[in-house]
Amino acid sequence: MSEIGQPATTGDPPSKNVIEVRDLVTHYGERMILKGVSMDVRADEIMVIMGGSGSGKSTLLRHLMALEHHTSGSMRILGHDIDELSGVELVELRQKLGVAFQGGALFSSMTVGENVMLPLFEHTALDRKTMEIMVRMKLQVVELGGFENLMPSELSGGMIKRAAFARAIVMDPKILFCDEPSAGLDPVVASQLDDLILLLRDALGMTVCVVTHELDSAFKIADRITVLDRGEILFIGTPDELRASGNQRIQNLLNRVAEDDDMDAETYLNRLTGDGPAYRPL
Amino acid sequence: MQHEIIDVGAALVVVFEGDIDLQTSPAARDALLAAVGQGKPLIVDLAKVGYIDSSGVASLVEALQSARKGGKDLSLAAVSEGALRVLKLARLDSVFPIHDSRDAAVGAAG
């Protein structure tokens, strides 16, 4: 298997940022989603990305996972400029990234153990016995030891999320991405999942990026929080700095106040009728 | 990753040097299982291992199980802080005999 090369060096001290985003612009069709986003994710931190619906946070997460093409700007992940990587090198880079999807995304026809083992099957040539031990170890880490032969349908919502975490970390990723990990869970189970994220960072030294709209979770786990608003960065800082912010939009987010839609009547009419260059026939 | 096997009489010492990760752990596994096959207690010296991932730890677990089936033990020596964190997280620090140094492990084997 080929190896992606070492990141280019300039003679400067090594960056402690594992992700660097500069002036990132991205579109879905003609609609601009991210409007010049710049941010860094530091090694070993838990970065929480927040924002209202349509703020672009899920799109940003997909870019941070090197799954999307951007219109302009630049991104460096683990020292690599992703615009300069070949397709094969991108695949190799993605093997260093773990993803726990919102709904768990377990394959219903496979056992929990087979689901967790899947990335090892796809990307490594390890002996089956080694894979099985790795799977059982990771299930033990997420407190699902002994559950490897169950089917996903036999698990609770919280257990499915834990199994998804086991699969996300089975290859010891450098960066773990979590998309709405607490969504749909009761507060107690959600809090246990937060504890698991903290454990993975503290015990395994993983950098973790979490998209969530759960304020309690964000304040519990975040080293820093990025707030996106309408495709732009509204805030980057610590939870304490976020709480102290005098920005009205941030206070609305923290107090769960719905913002007035500042769309004028004509624009709203065009949206409904699909009239104008920004819209296409459904 | 390189390895060397040293016969100290009472045990075999497998000395690894370098990182043990997804790329190198198959070779580490082969070395461990071959050493187990020689029928002596095994000491795995990790002093020169900078990083060991869970595939490397899994190889150690498999070798430990294989050694015990043969009535022998496998102990770890000079485990790095990072590797110890991985072992503890998987609750393996209570499964492996772990010694601070190779000398201590050899002493215990003798």
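Residues numbered from 1 in each chain as written. Chains lettered and ligands numbered in written order. Predicted model: local features only at pLDDT ≥ 70, side-chain atom pairs only at ≥ 80, totals over all residues.

1. Let's talk about the overall build of chain B
Helices and strands together make up the secondary structure of chain B, namely four helices and five strands. What you see for chain B is a C-alpha radius of gyration of 12 Å, in line with the 13 Å of a compact globule of 110 residues. Counting only C-alpha atoms and orienting by the principal axes, one finds that chain B spans roughly 30 × 25 × 25 Å. (Helix = DSSP H or I, 4+ residues; strand = E, 2+ residues; numbered from the N terminus. Rg over C-alpha atoms; globule rule 2.2 N^0.38 Å.)

2. Brief notes about the sheet that holds strand β5 (residues 98-99) of chain B
One key point about sheets: their strands pair by backbone hydrogen bonds, in either a parallel or an antiparallel sense. All names here are of chain B. The strand order β1-β2-β3-β4-β5 describes an open sheet built from five strands, whose pairing is mixed. If you trace the sheet from one side to the other, it starts and ends with β1 (2-7) and β5, each paired once. The sheet contact formed by strand β2 (residues 12-17) and strand β3 (residues 42-48) spans five bridges and is parallel. Along β3, the bridge assignment pairs E17 with K48. (Pairing = 2+ DSSP bridges.)

3. Considerations on helix α5 (residues 157-169) of chain A
Residue and element names in this part refer to chain A. With 13 residues, α5 extends 19 Å from end C-alpha to end C-alpha; this agrees with the ideal 18 Å at 1.5 Å per step. A large share of α5 lies buried, amounting to 10 of its 13 residues. Taken together, the buried positions of α5 are occupied by I160, K161, R162, A163, A164, F165, A166, R167, A168 and I169. Taken together, the buried residues of α5 touch β6 (97-100), α3 (112-123), α4 (128-141), β7 (175-179) and α6 (187-204). (Expected span 1.5 Å × (residues − 1). Buried ≥ 20, exposed ≤ 12 C-beta atoms within 10 Å, placed from the backbone. Contact = placed C-beta atoms within 7 Å.)

4. As for the confidence of the model for chain B
When pLDDT is averaged across chain B, the result is 91; 100% of the residues are at 70 or more. Across the predicted assembly, pTM comes out at 0.83 and ipTM at 0.92. (pLDDT = per-residue confidence, 0-100.)

5. Notes on the interface of chain A and chain B
Accessible area lost upon the coming together of the parts is a frequently used measure of interface size. Counting residues at the interface gives 15 residues for chain A and 17 residues for chain B. Looking at which element gives the most residues to the side of chain A that touches chain B, the answer is α4 of chain A, with seven residues. The class makeup of the residues in the side of chain A that touches chain B is nine nonpolar, three polar and three charged. (Nonpolar A, V, L, I, M, F, W, Y, C, P; charged D, E, K, R; others polar.)

6. As for the sheet that holds β6 of chain A
Residues and elements named next belong to chain A. On the basis of which strands lie adjacent, the open sheet formed by six strands has the order β6-β7-β8-β3-β9-β10 and mixed pairing. Looking at the sheet topology across the chains shown, the edges are occupied by β6 and β10 (232-237). This sheet shows a mean twist of 15 degrees between the axes of neighbouring strands, independent of strand direction. Two strands pair when backbone bridges link them, and strand β3 (residues 46-50) and strand β8 (residues 207-211) are joined in this way by four bridges, in the parallel orientation. In the strand pairing of β8, M47 is matched with C209. Together, β3, β7, β8 and β9 (224-229) form the strand contacts of helix α1 (residues 57-64), whose direction differs from that of β8 by roughly 155 degrees. Lying on the sheet, α6 is in contact with β3, β7 and β8; it crosses β8 at an angle near 155 degrees. (Axes fitted to C-alpha atoms, helices over the stretch in contact; angles between N-to-C directions.)

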